[in-house]
Amino acid sequence: MMDPFVTFCLRMGDNALILAQRTGEWCGHAPALEEDIAFANMGLDLIGQTQLWLKLGGEAEGKGRSADDLAFLRTERQFTNCQLVEQPNVDFAHALMRQYLFDAWHLPMLDGLTQSSDERVRAVSAKVIKEVRYHIDRSRDLVIGLGDGTDESRARMQGALDELWPFTADLLASDEIDDDLTARGVIPDPAPVIEAFNAETAATFAAATLTVPHTGLTRTGGRNGIHTEHMGFILAEMQYLQRTYPGVSW
Amino acid sequence: MMDPFVTFCLRMGDNALILAQRTGEWCGHAPALEEDIAFANMGLDLIGQTQLWLKLGGEAEGKGRSADDLAFLRTERQFTNCQLVEQPNVDFAHALMRQYLFDAWHLPMLDGLTQSSDERVRAVSAKVIKEVRYHIDRSRDLVIGLGDGTDESRARMQGALDELWPFTADLLASDEIDDDLTARGVIPDPAPVIEAFNAETAATFAAATLTVPHTGLTRTGGRNGIHTEHMGFILAEMQYLQRTYPGVSW
Amino acid sequence: TPEEQAFQKRIDDGIKIEPKDWMPEGYRKTLVRQIGQHAHSEVVGQLPEGNWITRAPTLERKAILLAKVQDEAGHGLYLYCAAETLGVSRDEMTEQLLAGKSKYSSIFNYPTLSWADIGAIGWLVDGAAIMNQVQLQRCSYGPYSRAMIRICKEESFHQRQGFDILRVLCQGSDEQKEMAQDAMNRWWWPSLMMFGPSDKDSVHTAQSMRWGIKQATNDDLRQKFVDQTVPQADWLGLKVPDPELKWNEDKGGYDFGEPDWNEFFNVVKGNGPCNKERLEARRKAWDDGAWFRDGLMAHAEKKRAAKVAAE
Amino acid sequence: TPEEQAFQKRIDDGIKIEPKDWMPEGYRKTLVRQIGQHAHSEVVGQLPEGNWITRAPTLERKAILLAKVQDEAGHGLYLYCAAETLGVSRDEMTEQLLAGKSKYSSIFNYPTLSWADIGAIGWLVDGAAIMNQVQLQRCSYGPYSRAMIRICKEESFHQRQGFDILRVLCQGSDEQKEMAQDAMNRWWWPSLMMFGPSDKDSVHTAQSMRWGIKQATNDDLRQKFVDQTVPQADWLGLKVPDPELKWNEDKGGYDFGEPDWNEFFNVVKGNGPCNKERLEARRKAWDDGAWFRDGLMAHAEKKRAAKVAAE
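Residues numbered from 1 in each chain as written. Chains lettered and ligands numbered in written order. Predicted model: local features only at pLDDT ≥ 70, side-chain atom pairs only at ≥ 80, totals over all residues. Heavy atoms only, no water.

> What am I meant to see in the overall build of chain A here?
Across its full length, chain A carries 12 helices and zero strands. Starting at the N terminus, the α and β elements of chain A follow one another as α-α-α-α-α-α-α-α-α-α-α-α. If you line up chain A on its principal axes, its C-alpha atoms span 55 × 45 × 30 Å. Considering chain A as a whole, with its 250 residues, one finds that 62% of them fall into the buried category. Within the structure as shown, chain A displays about 8600 Å² of accessible surface, and the carbon and sulfur contribution to it stands at 53%. Within chain A, the 37 negative side-chain charges are centred at a point lying 5 Å from the centre of the 21 positive side-chain charges. (Helix = DSSP H or I, 4+ residues; strand = E, 2+ residues; numbered from the N terminus. Buried < 20%, exposed > 50% of the residue type's maximum accessible area, 1.4 Å probe, protein only. Areas by Shrake-Rupley, 256 points an atom, 1.4 Å probe, with all protein chains shown as cover. Lys, Arg positive; Asp, Glu negative; His and termini not counted. Charge placed at Lys NZ, Arg CZ, Asp CG, Glu CD.)

This is how it looks when you write it as structure tokens:
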């Protein structure tokens, strides 16, 4: 088993980093100037969160790896983000739904983490949770507004929900690493986080007139480094400069 | 001025390589199984051509760079392919039109090169020209068939032609490097190549009921390492493994 | 019936059944299903490997991979032709695939996550496929048998190339070895599942064998595959991810663990990691390509009409 | 007319013109055109830099770039608001941009080919923009002047960050220095062209200056920019790609070569390297986003109706 605390920090950091990559792709291409601004801002928050978590992970690991080393010099199987965040920007509905589902887990998770037995985790999550409250207020409003909008906007949001819902299994999964950290009070018990996620999404999708698909299909593995085929392309792009010019400063 | 002969070999090889990348993206996604086969086959020919030209360029350069070194370890500004071949696969019409325009230059160029004063160039082009005759027979037939097909197929082919035509300027360009090689009989005079290109495309577009756009817009620079913004992403993907695991065998 | 008896006698005598010969409806149906699935597998099989064409690490490897994927599309074409001799068109079969009514090999619902996966697919997946296809060369239906003979030649070539990718990785850096072992870990069990469920759970095996469509049982083929592959893994220095794997002197073969059949049936049902992506990619190719197929058809029609008018 | 005289007097006295004040139609039109172009430039300006967000080499640089692009979109918003005070809506201005009737700064029609380009855009392009915007802070039209004051603060921050990217590259490896010099070679002349044609060829300058819309001539601003930038280039160790560049002791400034105005007018006409890509990207964003804007509007309408019904 990998070091649980390091793994936890990498999972948190990788989620933020890969979601930031997808978010950053919208820059200049969003459907309204306000969304360009919001997505850039969200990307900025997520990169800040990446820096905090990966720094903490690198320090805990004790091999001298910086946040940048961890972001730019690991390979695909070493990334532990959930598969949800790597899903492509098929359209803006996918981007919003991906963000909302992530936020719906992220907020109660962070809420639990602010009670962590680990001081460093408390400090990071206290900082991050403020941003995430703002994110979910925005993403929830948009999911409701577009679900309960025109026929087309509802169809697009429902389509995005159908495609992305199976990936929430990865968000809500826990394994022995989590068990160990939960037992030590470093991270919250998964049950209330899942409960909060379910309550949040049930209320929102009801207001949005959207329906959670009941196919039973689940997609998992990201937290253990098993990704979808999109991931390799994300990394090739993200890491290109660091890989091409190794060891220099930027 | 860079060594003219080396530059010429790189330009030929880079054209083939980057077109092969774009061609390879279709694998499994073409509109008919026959096209999957044809595109894979064309990609295969183009990679073979890449190997021949880059090997020759590397040998002429005399710095011990292999074809793989040249393909996987140069950076964007060092690639000398024309901008046409890096244009994206917007739809299959773009892919076919890009291929046809390239073939329409490639064939007369190779025809001239088979008369080169340089024996190595004669040898490579004699081998390559057989493949390219087959390529243009195919791409020409498809351009005509789809131009003179349904309203939609004509509109798509015309759209692709409108977008890609400005890039033919880069294909047909020549500079002092070419002048030097022409003077030494290594490469053909540009005039008959351009004439052949014009005759070929005029006849084909007439049969295809397509019209060359007369905007006067021209796009050039690829042969001197000035690319479109697509190029960096092509290279990030193509070179990722070699950049990530430097110095190993594959 | 006397027809059925004569039919069975031909098969027992090793005489091939040809398209125009009388055949039982069940025989025809079984073949259409099997050849169709096989053809679809070749077509869908382009996708996981195609995923690495633009990222192949050398020009040589890129060329080999392109050639391989081209072969697969070609195999798809032979097989659709073989199925068409039974009175079902390629377009019909394609529609069935896209509607989710016709299956393809479940192995292609796993993602290719590293370059080593391309090696593992060639070595393990094509290896398992060949094991199955070799016996199909003797299939009682002539067109299928002949298609298989052509295909088998190319497949064994593919297997050697896949093995060679892993050989180089296993002789390479620590990271490359790790990449190879990781691929082995992920592809081993799905490859074993390629032979289908155990004979006792296999619905079609007995009848198919009687009809000469199948020459060997799933379990026999699986055993043969394991016996052939484990020494190759040893040679490569890769660990087979099966704690129960052990040489059994008595039977002259390996004992090995049971694949996770829940996973198998789950993937068959459509819940594998890439089922959705694979079908969507094929649907998109088909839908986006409609204008292309229609355009060429319209042009051919214009040419034909012009020719008729000129005569 | 007396109105015109009173208007001109206010301007000469340095009193700002506000939206509700009387103004000559030409003044209004000039401002709408200029503010609109300026707003469009901020919006289109997201694209060349946005091109490197996913590829920024460190987390810190990625964050800075995201913040910068966010600022640009924000500036676009301020400026559209300023223009709206003159009676033209953001949607109208957007339609004009997308129809190719309204321009944006030609500099954004050049591609960003390397990471150093992000540095060069910050240092040179934002540097030139600030030179122009600083004087616009004193523009006679109140809303525009106030928008400029906010914008200038952020822009000078951007310029320093761009300079810092180049500083690190110039102190880095040979390849990094080469990357920086290459960016300098490509962005220098287009940056000089940002001030517009020489005063003698500039149609609007004289009237704009009389109206207090412009406080300095194109050539004066260009000279100031060169004088400010050349020492910075020297400090970085970058060569300015102008063989005619020379310190002129008499005028206390640099002499420098003439930009290629043919290139300039060609790019303005739409024939630059990325004109087509930029406009298409904005058109696609707008068209693909129609369902989003319509959806939110429909929802707001439903909520409003429900509220009315409840009252």
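> Explain the side chain of Glu229(A) to me, please; I cannot follow it from the model alone.
Considering the arrangement of structural elements, one finds Glu229(A) in the loop between α10 (190-208) and α11 (231-238). Using a relative accessible area of 16% as the deciding quantity, one classes Glu229(A) as buried. There is a polar contact of 2.7 Å between the side chain of Glu229(A) and the side chain of Arg278(C). Excluding residues that lie within four positions of it along the chain, Glu229(A) makes contacts with Pro48(C), Asn51(C), Tyr110(C), Pro111(C), Thr112(C) and Arg278(C). (Polar contact = N/O pair within 3.5 Å; in protein donor to acceptor, adjacent residues only side chain to side chain. Contact = heavy atoms within 4.5 Å.)

> For this particular structure, what's the right way to read helix α11 (residues 261-271) of chain C?
Note: α-helices contain 3.6 residues per turn, so residues at a spacing of three or four share the same orientation. Residues and elements named next belong to chain C. For α11, the full list of buried residues reads Trp261, Phe264 and Val267. For α11, the angular spread of buried residues about the axis comes to 120 degrees, placing them on one side. In α11, the exposed positions angled more than 90 degrees off the buried face are occupied by Asn262 and Lys269. Buried residues along α11 sit against α8 (174-193), α10 (218-236) and α12 (275-288). Two or three places before Asn262, at the opening of α11, Asp260 has a side-chain oxygen 3.1 Å from that residue's backbone nitrogen. (Arc of directions from axis to C-beta.)

> Which parts of the structure should I look at to understand the relation of the copies chain A and chain B?
Two chain copies here: they are related by a rotation about an axis and a translation along the same axis. Its rotation angle being 180 degrees, the transformation that places chain A on chain B also includes 0.0 Å of axial translation and leaves an RMSD of 0.0 Å. What we have between these two chains is a two-fold relation. (Least-squares fit on C-alpha atoms with pLDDT ≥ 70 in both.)

> Is there a simple way to explain the interface of chain D and chain A in this structure?
How large an interface is tends to be reported as the accessible area lost when its parts come together. Counting residues at the interface gives 46 residues for chain D and 48 residues for chain A. Our count for the contact surface shared by chain D and chain A stands at three salt bridges. At the boundary of chain D and chain A, one finds 16 residue pairs in polar contact (both at pLDDT 80 or more). For the side of chain D that touches chain A, the secondary structure elements donating two or more residues are α3 (46-50), α4 (59-84), α7 (142-170), α8 (174-193), α12 (275-288) and α13 (290-310) of chain D. Tallying contributions element by element places α4(D) first for the side of chain D that touches chain A, with 14 residues. (Salt bridge = Lys/Arg side-chain N within 4 Å of Asp/Glu carboxyl O.)

> So what exactly am I meant to see when it comes to the pattern of salt bridges here?
Between side chains of opposite charge, a pair can form when the charged atoms approach closely. If you walk through the whole model with that rule in mind, you get 76 salt bridges over all chains. Here Glu34(A) ties to Arg90(D) by a salt bridge, and the two come within 2.4 Å at their closest N and O atoms. Separated into two different chains, Glu34(A) in helix α2 (residues 33-61) and Arg90(D) in helix α5 (residues 90-98) make up a pair that spans both. Arg186(D) is the partner of Asp182(D) in a salt bridge, and the nearest nitrogen-oxygen pair spans 3.0 Å. In this pair, Asp182(D) and Arg186(D) both sit in helix α8, four residues apart, roughly one turn of the helix. Of the two residues examined, Asp182(D) and Arg186(D), each falls in the buried class. Several salt bridges share partner residues, and in doing so they unite Arg11(A), Asp175(A), Asp178(A) and Arg223(A) into one network.

> Sorry if this is basic, but what is going on with the interface of chain A and chain B here?
Contacts between the two partners involve 11 residues from chain A, matched on the other side by 11 residues from chain B. Buried area between chain A and chain B, both sides added, is near 920 Å², and the carbon and sulfur share of it is 64%. Counting across the interface, chain A meets chain B through zero salt bridges. Here chain A is connected to chain B by two residue pairs in polar contact (both at pLDDT 80 or more). Elements supplying a minimum of two residues to the side of chain A that touches chain B: α11 and α12 (240-244) of chain A. Here the side of chain A that touches chain B takes four residues from α11(A), the largest share from any one element. Classifying every residue of the side of chain A that touches chain B by side-chain character gives five nonpolar, three polar and three charged. (Buried area = accessible area lost by both parts, 1.4 Å probe. Nonpolar A, V, L, I, M, F, W, Y, C, P; charged D, E, K, R; others polar.)

> Would you mind showing me how to read the packing of aromatic side chains here?
In this description, an aromatic ring pair is defined by two values, namely the gap between the centres and the angle between the planes. Tallied over the entire structure, the rule returns 46 aromatic pairs over all chains. Pairing Trp165(B) with Phe205(B) gives two aromatic rings, centres 6.4 Å apart and planes at 75 degrees, and the pair type is edge-to-face. Residue Trp165(B) is found in the loop between α7 (151-164) and α8 (168-172), and its partner Phe205(B) is found in helix α10 (residues 190-207); the two are separated by 40 residues along the sequence. The same class applies to Trp165(B) and to Phe205(B), which are both buried. Put simply, the rings of Trp26(A), Phe39(A), Phe92(A), Trp291(D) and Phe292(D) touch in pairs and so form one group of aromatic residues. (Phe/Tyr/Trp six-rings, centres within 6.5 Å; stacked < 30°, edge-to-face > 60°.)

> Would you mind going over the packing of helix α6 (residues 119-147) of chain A against helix α7 (residues 151-164) of chain A with me for this structure?
Pairs of packed helices are described in terms of their axes, by the angle between the two and the distance that separates them. All names here are of chain A. Contact geometry for α6 and α7: axes closest at 7 Å, N-to-C directions at 125 degrees. One way to sum up the angle between α6 and α7 is to call them oblique. Residues Val143, Leu146 and Gly147 of α6 pack against Ser153, Arg154 and Met157 of α7. (Axes fitted to C-alpha atoms, helices over the stretch in contact; angles between N-to-C directions. Parallel < 35°, antiparallel > 145°, perpendicular 65-115°, else oblique.)

> Can you help me understand the nonpolar core in this one?
Soluble globular proteins tend to bury their nonpolar side chains together. Residues Phe8(B), Met97(B), Trp115(C) and Trp188(C) are the most contacted members of the largest nonpolar core, which totals 138 residues. Considering each element in turn, this core owes the most residues, 14 residues, to helix α5 (residues 92-113) of chain B. For Trp115(C), the residues in contact, after removing those within four places along its chain, are Leu241(B), Trp250(B), Trp52(C), Ala56(C), Pro57(C), Arg61(C), Leu65(C), Ile165(C), Leu169(C) and Met179(C). (Core = buried A, V, L, I, M, F, W, Y, C linked by side-chain atoms within 4.5 Å.)

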